[in-house]
Amino acid sequence: MTEPILETRGLTKRFGALVASDGVSIDLRPGEIHAVIGPNGAGKSTLIGQICGTVIPDEGSVHFQGHDVTDETVAARAGRGLGRTFQVSALAMEDTVLQNTLLGALSASSSPWRLWRSVLNDRDLVARADAALGRVGLSDRRATRCADLSHGQRRQLEVAVALTLSPRAFVMDEPMAGLGAEGSKALTAFLDGLRDKAPILLVEHDMDAVFALADRISVLAEGRILATGTVAEIRADPEVRTAYLGEDA
Amino acid sequence: MIPERFLNALLLGGLLGVALLADWRDEPFTITLATRATILAIAATGLNLALGLGGLVSLGHAVFFGLGGYAMGILAFHAQTYAPVELGPLAIEGTTSMPLIWVTAIAVSSLAALVIGLLSLRTSGVYFIMITLAFGQMFFYFAVSWSAYGGEDGLSIYVRNGFPGLNTLDPIQFFSLCFVLLCLVLVLWSRLARSPFGLALNAARQVPARVETVGLDPKRLKLAAFVLSGAITGLAGALFADLNRFVSPSMFSWQLSGELIVLVILGGVARLCGPVAGAMLFVALEHWLGGLTEFWHVWLGAILLLIVLFAKGGLVGLLSGRPASHD
Ligand SMILES: Nc1ncnc2c1ncn2[C@@H]1O[C@H](COP(=O)(O)OP(=O)(O)O)[C@@H](O)[C@H]1O
Ligand SMILES: [Mg+2]
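Residues numbered from 1 in each chain as written. Chains lettered and ligands numbered in written order. Predicted model: local features only at pLDDT ≥ 70, side-chain atom pairs only at ≥ 80, totals over all residues. Heavy atoms only, no water.

## Brief notes about the coordination of the magnesium ion (ligand 2)
Six octahedral donors around a metal ideally subtend angles of 90 or 180 degrees, whereas four tetrahedral donors ideally subtend 109.5 degrees. Residues and elements named next belong to chain A. Distances from the magnesium ion (ligand 2) to its protein donors, Ser 45 (OG) and Gln 87 (OE1), fall at 2.1 to 2.3 Å. With a gap of 42 residues between them, Ser 45 in helix H1 (residues 44-52) and Gln 87 in the loop between strand E6 (82-85) and helix H3 (97-108) connect regions that are remote in the sequence. The class for Ser 45 is partly exposed, based on a relative accessible area of 32%. In this structure Gln 87 comes out as partly exposed when scored by relative accessible area, which is 31%. (Donors = N, O, S within 2.8 Å, 3.2 Å for Na, K, Ca; no water. Helix = DSSP H or I, 4+ residues; strand = E, 2+ residues; numbered from the N terminus. Buried < 20%, exposed > 50% of the residue type's maximum accessible area, 1.4 Å probe, protein only.)

See the structure below:
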């Protein structure tokens, strides 16, 4: 079996008496989309936070490309090639779409310490940003201020920023949230093509998208993994049906 | 509405025009006022880097202004007394050369900004404001008690320091020197704002989480901005001391830090020439209103209130018609 690119071992996170992650072990292998589903409050975002470094686990470890990154900063993990999109868009609202995308591009080309030359005159950076915008279909919005984008366009921009980093693995927290049928379909097709570039750990509520995309699915409830398996296995699992699919599918 | 570029040219042209006209009409005092506005504009442009681009509300920028001032005062004092500055085993000759004084002022204030920035950037929001304020007070009381350099009374310097090829005692020549420095600092600010660094800093101000997620450290970006900002304000402090031929602890006072913030807000936060507009208005009000009433600060306060309530982009935002990019 191929080595996983990303792996968590026994992640546990408590908020007071609440156990948001309870010994979560999950892995992401090359070329796959691994979906994580579960009801609201199951601990999906907390899991992603621990993988990316914004939430410090109480127990357990995170491994990325064979390195134990549990004690590394968010920036260090990103530097290793972990590309994240947020559940609630984290974008510079006053800046344009292009500027937001350039932020990723300039980090990827390690040029944030260039103080003199205009960033818009740097052809390489702009080309890199434009390529990412083109891939998510936002090219015609490149001069729009982020605050003036629709919700769906912000979701697309989140993905574009992650793309500029050419990550080794994507971690996406509900990228389809609030997209509408049309948008979800387009993003589903896009993510489908993305898995060859880098595997995706995909937290998602949209079950159509999950069943269309996932190679494997893990079901999270009350901080614990109930089951991990292929789409067919998860669909057939009686425990999962009662815990989750019963209400949502 | 006036395009911002044109407005900037108008402001700088106006400042230069006032000084040249005053020189022609032989009114050295007016030139001194224009020079004062120019130097305050440099100091506030420094602050505008930390505050406008980095979102760092520093209530301690007087530290850098004061350090620049004392760098000038101490070096010139030792040049007057022909006694070297004793720094432990090191003995540094005093100097009356402006370029040397400026380099010292910039070095000392960047170093202070590095240390203060490292400590205060561990916090944010109101704690950041309080820590920078506390540093300001520390320097203020240190200067008050530093009797070797005048303590509370300050230190008078009897000759203006020199610049190769210029007669710096001639008001218009000293003004021109300051004006050129202001233009250089503005060029630096505008290049920075458009550079990759400026873009990343601007994002770090708005969404630090995003900046981290692309692999950059928002604190380091802000620290770099704080150091550059302190260096520019330190340079202004050295010029200010040369203008007055006098340094005193008041250069370290929190009132001065507050005034620099007021200048930036009056003119327009994160606007290239916001500090220039703010400094010109401030000096004009200080002169005209200050001549009419002792309580001119009341009127300054009223104007500030109006700007904050109704024109968040400051004077530059109001006149250029481009609303505040952020508050
Ligand atoms: N910073 C926090 N402090 C306290 N409780 C939190 C915090 N973050 C998340 N929680 C709680 O942990 C549980 C899991 O939250 P979350 O990971 O956001 O769930 P999901 O993303 O699956 O909806 C929820 O009950 C939530 O209220
Ligand atoms: Mg969530």
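## A few points about the UniProt feature "transmembrane region" (unreviewed entry) in chain B
All names here are of chain B. Sites flagged by UniProt as "transmembrane region" (unreviewed entry) map to residues 31-51, 58-79, 99-119, 126-149, 169-189, 223-241, 261-285 and 297-319. The annotated region residues 58-79 carries 82% helix and 0% strand content, and the separation between its end C-alpha atoms amounts to 34 Å. For the annotated span residues 223-241, helix accounts for 100% and strand for 0% of the residues, and the straight-line distance between the end C-alpha atoms is 27 Å. (UniProt positions renumbered as here; feature names shortened; annotations may be inferred.)

## A few points about the sheet that holds strand E10 (residues 224-229) of chain A
The pairing of strands in a sheet happens through backbone hydrogen bonds and is either parallel or antiparallel. All names here are of chain A. One open sheet holds the six strands; their spatial order is E6-E7-E8-E3-E9-E10, and the pairing between them is mixed. Two strands in the sheet have a free side with no partner beyond their single neighbour: E6 and E10. The mean angle between the axes of side-by-side strands here comes to 15°, regardless of whether they run parallel or antiparallel. With four bridges joining them, E6 and strand E7 (residues 169-173) adopt parallel strand pairing. Note that in E7 the partner of Leu 82 across the bridge is Ala 169. (Pairing = 2+ DSSP bridges. Axes fitted to C-alpha atoms, helices over the stretch in contact; angles between N-to-C directions.)

## Observations regarding the packing of helix H2 (residues 28-53) of chain B against helix H9 (residues 218-244) of chain B
Residue and element names in this part refer to chain B. Close contact between H2 and H9 brings their axes to 6 Å; oriented N to C, the two are set at 165°. When the interaxial angle is binned, H2 and H9 end up roughly antiparallel. Note on packing geometry: the crossing formed by H2 with H9 is left-handed. Within the contact between the two elements, H2 uses Thr 32, Thr 35, Arg 36, Ile 39, Leu 40, Ile 42, Ala 43, Gly 46, Leu 47, Leu 49 and Ala 50 and H9 uses Ala 225, Phe 226, Leu 228, Ser 229, Ile 232, Thr 233, Ala 236, Leu 239, Phe 240 and Leu 243. When its residues are assigned to classes, the contact of H2 with H9 shows 15 nonpolar, five polar and one charged. (Parallel < 35°, antiparallel > 145°, perpendicular 65-115°, else oblique. Left-handed = near helix turned anticlockwise from the far one by under 90°. Contact = heavy atoms within 4.5 Å. Nonpolar A, V, L, I, M, F, W, Y, C, P; charged D, E, K, R; others polar.)

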